[in-house]
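Understanding the architecture of this molecule
Each chain is listed here by its residues.
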Amino acid sequence: MKEFLATDIFIYILRPIIYIGLAYITYKIITLLINRALNSKKVNSKNRKRVQTTISLINNCLKYIIIFLTILLILGSFGLDVSKIFAGLGIMAAVLTLAFQDLAKDFIAGISIVMEDQFEIGDNVMINGFRGDVIEMGLKTTRIRDYKGAVQIIANHTITEVINYSLNPSLAEITISVDYKNDLDKVEQVIRETMMKIDATYENLKGKTELWGVETIDQNSVTYKIVVKTKSNFDFTVQRNMRRDFQEALLKANIKLPQTHMEVHNGK
């Protein structure tokens, strides 16, 4: 009698606990191996982002697969015929596919995004009018965080058009307006000297600063356009610094900034 009770305890209590423990250990080992692959010195920065994105999806799938298999093992330990469960899964899958069509579309779309390399974790993208950094990718949803910290959660099957700002260098561009009465040769000399300073001191540039010339002329001012290629998503930072440096250089050189001129005519 005691032997029978001990066997029952093992089957109904200890064995499920062992299966759950083994499942947990298996998940941790696989995750550890993947993380080691990610931290390998052979993986460059671009491939590292792709590996990180792939890991996010693999972990998502792996978690559900291990949970599913563990449940089957536990049911089998209780004497249930697992083969019948598999037979019923075909019918159940068909029913669930009809009931959860959007969920199935999300899974397919999530796999397509990774296979087509549309974007990766860390990329700056615009999806459905929302721009931000991709912080998480799953088989069902993608999470994007904007510069204010707001997080947009987007169902993968609704992602039809993506603007990825991280694939190529960005272009920083500013305009500088000066009073039209200034000596334009002197203005351009100050601009070029400041451009040389920018090229020598700024980080995150991908080329030389260029003066594209006069952009507009009106009754009060002459406007120049200046551009430079930067690393992806550093254009806004570079633009802010350029405006500050050009402002200081123009004031130091006593170059007048635009002013509103008003002509007053005598009614006579």
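Every value quoted in this text rests on a predicted model; they were computed, and no experiment measured them.

**Side note on the layout of surface pockets**
Empty space among the atoms becomes visible once a probe the size of a water molecule is rolled across them. Quantified by volume, the second largest pocket comes out at close to 300 Å³. What lines the second largest pocket is Asn124, Arg131, Gly132, Asp133, Arg145, Asp146, Tyr147, Asn233, Phe236 and Arg240. Of all the secondary-structure elements, those providing two or more residues to the lining of the second largest pocket are β2 (130-137) and α6 (235-252). In terms of residues, the lining of the second largest pocket owes the most to one element, β2, which gives three residues. Here the lining of the second largest pocket is built from residues that sort into two nonpolar, three polar and five charged.

**Observations regarding the packing of aromatic side chains**
Here the structure, examined in full by the defined rule, presents zero aromatic pairs. Its end group placed over the ring of Tyr165, Arg131 keeps NZ or CZ at 3.5 Å from the ring centre.

**Looking at the sheet that holds strand β7 (residues 210-217)**
In sheet architecture, strand pairing relies on hydrogen bonds along the backbone and comes in two forms, parallel and antiparallel. Spatially, three strands are ordered β6-β8-β7 in an open sheet, and the strand pairing comes out antiparallel. Unpaired on one side and paired on the other, β6 (170-179) and β7 mark the two borders of the sheet. On average, each strand axis in the sheet is tilted by 25° relative to the strand beside it, whichever way the strands run. Bridge count between β6 and strand β8 (residues 221-230): ten bridges; the pairing is antiparallel. Bridging across to β8, Ile176 finds its partner in Tyr224. The strands that helix α5 (residues 184-201) touches are β6, β7 and β8; relative to β8, the one it contacts most, it runs at about 20°.

**A word on the pattern of salt bridges**
Applying the stated criterion to the full structure yields three salt bridges. For Glu173, the salt bridge is made with Lys225, and the minimal N-O distance between the two is 2.9 Å. One end of the pair, Glu173, is in strand β6; the other, Lys225, is in strand β8, with 52 residues separating them in the sequence. Looking at Lys225, the relative accessible area reads 16%, which means it is buried. Between Asp245 and Arg244 there is a salt bridge, with the nearest N and O atoms lying 3.2 Å from each other. Exposure remark for Asp245: the relative accessible area of 8% places this residue in the buried category. Overall, the relative accessible area of 44% leaves Arg244 in the partly exposed class.

Definitions and cut-offs
Residues numbered from 1 in each chain as written. Predicted model: local features only at pLDDT ≥ 70, side-chain atom pairs only at ≥ 80, totals over all residues. Heavy atoms only, no water. 1 Å grid on protein atoms, 1.4 Å probe; cavity = no way out; pocket = protein on both sides within 12 Å on 5 of 7 lines; lining within 4 Å. Points joined across faces, edges and corners; volume = space filled by probe spheres on them. Helix = DSSP H or I, 4+ residues; strand = E, 2+ residues; numbered from the N terminus. Nonpolar A, V, L, I, M, F, W, Y, C, P; charged D, E, K, R; others polar. Phe/Tyr/Trp six-rings, centres within 6.5 Å; stacked < 30°, edge-to-face > 60°. Lys NZ or Arg CZ within 6 Å of the ring centre and 35° of its normal. Pairing = 2+ DSSP bridges. Axes fitted to C-alpha atoms, helices over the stretch in contact; angles between N-to-C directions. Contact = heavy atoms within 4.5 Å. Salt bridge = Lys/Arg side-chain N within 4 Å of Asp/Glu carboxyl O. Buried < 20%, exposed > 50% of the residue type's maximum accessible area, 1.4 Å probe, protein only.

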